[in-house]
Amino acid sequence: MKKEWRCSNCSTLLGVIENGNLILRYKGVEYVVTKGQTMAVCRKCHRTNTIVVPVTTGSLA
Ligand SMILES: [Zn+2]
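Residues numbered from 1 in each chain as written. Predicted model: local features only at pLDDT ≥ 70, side-chain atom pairs only at ≥ 80, totals over all residues.

Q: Please clarify how the overall build of the protein should be interpreted in this entry.
A: When helices and strands are tallied, the protein shows zero helices and six strands. Taken from the N to the C terminus, the helices and strands of the protein come in the order β-β-β-β-β-β. Against the compact-globule benchmark of 10 Å for 61 residues, the protein has a radius of gyration of 12 Å, which places it among compact chains. Its C-alpha atoms give the protein principal-axis dimensions of roughly 35 × 25 × 20 Å. For the protein, the proportion of its 61 residues judged to be buried stands at 3%. Sequence separation of 24 or more characterises 39% of the internal contacts of the protein that already satisfy a separation of 6 or more. (Helix = DSSP H or I, 4+ residues; strand = E, 2+ residues; numbered from the N terminus. Rg over C-alpha atoms; globule rule 2.2 N^0.38 Å. Buried ≥ 20, exposed ≤ 12 C-beta atoms within 10 Å, placed from the backbone. Contact = placed C-beta atoms within 7 Å.)

Structure follows, in structure tokens:
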């Protein structure tokens, strides 16, 4: 299951939700947020976007 997280103002791609985890990629490093609230400031319009990653019951694989 894959879902894109986009800026609410300009639709810039901020991250991807995969198997219930939020995946953020920046300069070749991959960040995985497994639960909790995450904020991202859009690189284009500087709008602050907030997402809540639900607690996952499954594994990363
Ligand atoms: Zn934006």
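The discussion continues.
Q: What is the right way to read the pairing of strand β3 (residues 21–26) from this model?
A: Remember that side chains alternate between the two faces of the sheet whenever the strand is regular. Both strand β2 (residues 13–18) and β3 contribute to a ladder of three bridges, which runs antiparallel. Across the sheet, Glu18 pairs through a bridge with Asn21, a residue of β3. Hairpin connection from β2 to β3: two residues lie between these consecutive antiparallel strands, with Asn19 at a positive phi of about 50°. In this sheet, strand β4 (residues 29–33) lies alongside β3 in antiparallel orientation, the contact comprising five bridges. (Pairing = 2+ DSSP bridges.)

Q: Looking at this structure, how should I read the sheet that holds β2?
A: Sheets are built from strands paired through backbone hydrogen bonds, the pairs being either parallel or antiparallel. Taken together, four strands build an open sheet; the order of strands is β1-β2-β3-β4 and the sheet is antiparallel. Edge positions in the sheet fall to β1 (2–6) and β4, since each of these pairs with one other strand and no more. For this sheet the average axis-to-axis angle between neighbouring strands, irrespective of direction, equals 30°. (Axes fitted to C-alpha atoms, helices over the stretch in contact; angles between N-to-C directions.)

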